[in-house]
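Residue-level listing of the chains:
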Amino acid sequence: MLRVVDLSKPADERDAGVASPPGVIVAHGPPTDEFWLETATFTLTDEPCGDRRVVTVASVPEALADVTRRCRRWPQASAMCDDVLRAVDPAGATLAGVVTESLAYSTLQAGPEFARWLDDRGPAAVPGTADAVLVGRDEDTLRIRFNRPQRHNAFSTDVRAALLEALTVAQLDPSVTGIVLSGNGPSFCSGGDLAEFGTFADPVSAHFARTRHSPALVLDELRARLGRSCRAEVHGRVLGSGLEMAALCGWVVAQPDSVFGLPELSLGLIPGAGGTVSITRRIGRWRTAYLVLSGRTIDAETALAWGLVDAIWAAAG
């Protein structure tokens, strides 16, 4: 499921044959081989590099060992992540990308790696939250705030429904000329509420819920209409679905304490809230794959350098 390519070796010692689909390929070494930069899932280096196909890490051997361990523990989810990121065209229709992502996500929900995670987690209950999303209007700007601070604004079914309702108001009301998406408490959004995972009756129903009642699709439509006036203000944990939704906005401003990541692989899953489209549009499939397969987080400065956010609050003016 994982192939490692050492770019420091002479070209004639590398096997240039690539299967179709190619599977997870991690290259490392001097990022000068155009074929492998384009073909690899991502390339690791310990030197500064602005190429979006390359990830600079403190220690290539440590990063490579960590990715190898994770791909071996979750081989199906790792391969599915690679398949989806190669299949989705970030410049294409958002709906096509979201449907592709959701079909893959549902497949993994029916698989053994997610079942293992559910068994390890055990029974769980989602605590009810009154006013899980707060909505207010400031002249022509609609302000939407996640309001589950005690759970770092973990994204639940209730949050999804309330967010979708608020976004639909903006979608249908032409007098709304701006949207600000933010979160109360210590974090913007820490991703899906883990206590709720596995509660859908079957993966097919979950797929229809994700695609027929998708905040991602409405946010994308609003971004197309409003541009930078469709804005996310993020802080603290910006993980999983929280990051996926923020990335859909036309402008993302981060507090300096923000931490960004995609932790879904550890559940035997991939991003499922539109992130394979929204995040890939901002940072490319290579760095998106790195965030998923490594499970590592990045800070606000790195997110700004990559283009995952557009400004850091202290420097936003």
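Residues numbered from 1 in each chain as written. Predicted model: local features only at pLDDT ≥ 70, side-chain atom pairs only at ≥ 80, totals over all residues. Heavy atoms only, no water.

Q: Outline the overall build of the chain, listing residues and values.
A: The helix and strand inventory of the chain stands at eleven helices and 13 strands. For 317 residues, the compact-globule estimate of 2.2 N^0.38 gives 20 Å, and the chain sits close to it at 19 Å. Principal axes of the C-alpha set define a box for the chain whose edges measure 65 × 45 × 35 Å. Each of the 317 residues in the chain was classed as buried or not, and the buried ones make up 52%. Considering only contacts in the chain between residues 6 or more positions apart, those separated by 24 or more positions represent 67%. Carbon and sulfur atoms make up 54% of the accessible area of the chain, which amounts to about 13500 Å² in all. (Helix = DSSP H or I, 4+ residues; strand = E, 2+ residues; numbered from the N terminus. Rg over C-alpha atoms; globule rule 2.2 N^0.38 Å. Buried < 20%, exposed > 50% of the residue type's maximum accessible area, 1.4 Å probe, protein only. Contact = heavy atoms within 4.5 Å. Areas by Shrake-Rupley, 256 points an atom, 1.4 Å probe, with all protein chains shown as cover.)

Q: Hey, could you go over the packing of helix H9 (residues 241-248) against helix H10 (residues 275-294) for me, with residue numbers and the actual values?
A: Orientation of H9 relative to H10, taken along the N-to-C sense of each, is 60°, at an axis distance of 8 Å. The pairing of H9 with H10 is recorded here as oblique in orientation. Judged by the twist between their axes, the crossing of H9 over H10 is left-handed. Contact residues: H9 offers Leu243, Glu244, Ala247 and Leu248, while H10 offers Gly275, Ser278, Ile279 and Arg282. (Axes fitted to C-alpha atoms, helices over the stretch in contact; angles between N-to-C directions. Parallel < 35°, antiparallel > 145°, perpendicular 65-115°, else oblique. Left-handed = near helix turned anticlockwise from the far one by under 90°.)

Q: Any chance you could break down the layout of surface pockets for me, citing the residues and the numbers?
A: Each pocket or cavity is described by its volume, and for the largest pocket that value is around 630 Å³. As for the largest pocket, its lining consists of 36 residues, and the residues nearest its centre are Tyr105, Phe155, Arg160, Gly192 and Phe197. For the lining of the largest pocket, the secondary-structure elements that each account for two or more residues are helix H4 (94-109), helix H6 (157-172), helix H7 (203-212), helix H8 (215-226) and H9. With five residues, H4 is the single largest residue contributor to the lining of the largest pocket. Of the residues in the lining of the largest pocket, the class split is 15 nonpolar, 14 polar and seven charged. Empty space within the second largest pocket amounts to approximately 240 Å³. The wall of the second largest pocket is formed by 14 residues, among which Val55, Thr56, Ile298, Thr302 and Trp306 lie closest to the centre. Looking at the lining of the second largest pocket, the elements that each hand over two or more residues are strand S4 (54-56), H10 and helix H11 (300-306). (1 Å grid on protein atoms, 1.4 Å probe; cavity = no way out; pocket = protein on both sides within 12 Å on 5 of 7 lines; lining within 4 Å. Points joined across faces, edges and corners; volume = space filled by probe spheres on them. Nonpolar A, V, L, I, M, F, W, Y, C, P; charged D, E, K, R; others polar.)

Q: Describe in detail the side chain of Asp220, supporting the description with residues and values.
A: With respect to the helices and strands, the residue Asp220 is situated in helix H8. Not counting chain neighbours up to four residues away, the residues in contact with Asp220 comprise Thr94, Leu248 and Arg281.

Q: Provide a residue-level description of the pairing of strand S8 (residues 230-234), including the pertinent values.
A: Walk down a regular strand and you will see the side chains alternate between the two sheet faces. Burial along S8 is one-sided: Cys230, Ala232 and Val234 are buried, and none of Arg231 and Glu233, which face the opposite way, are. Pairing analysis gives four bridges linking S8 to strand S10 (residues 251-254), with the strands arranged parallel. Bridged to Arg231 within S10 is Trp251. (Pairing = 2+ DSSP bridges.)

Q: Mind laying out the sheet that holds strand S12 (residues 298-299), listing which residues take part and the relevant values?
A: Ordered by their spatial adjacency, three strands build an open sheet running S9-S11-S12, and the pairing between neighbours is mixed. The sheet is open, and its two edges are formed by strand S9 (237-239) and S12, each paired on a single side. The pairing of strand S11 (residues 259-261) with S12 spans two bridges and is antiparallel. By the bridge assignment, Val259 is partnered in S12 with Asp299. H9 rests against S9 and S11 of the sheet, and its axis sits at about 85° to S9.

Q: Talk me through the nonpolar core; I want residue IDs and the actual numbers.
A: Counting 80 residues, the largest nonpolar core has Phe42, Leu44, Ile144, Phe146, Val234 and Phe260 as the members making the most contacts within it. If you tally residues by element for this core, the top one is H10, at nine residues. Non-local contacts of Phe42, meaning those with residues more than four positions away in its chain, are made with Ile25, Val26, Ala27, Arg53, Val67, Trp286, Ala289, Tyr290 and Leu293. If you look at the next biggest cluster of nonpolar residues, it comprises six residues, including Leu7, Ile25, Ala27 and Ala40. (Core = buried A, V, L, I, M, F, W, Y, C linked by side-chain atoms within 4.5 Å.)

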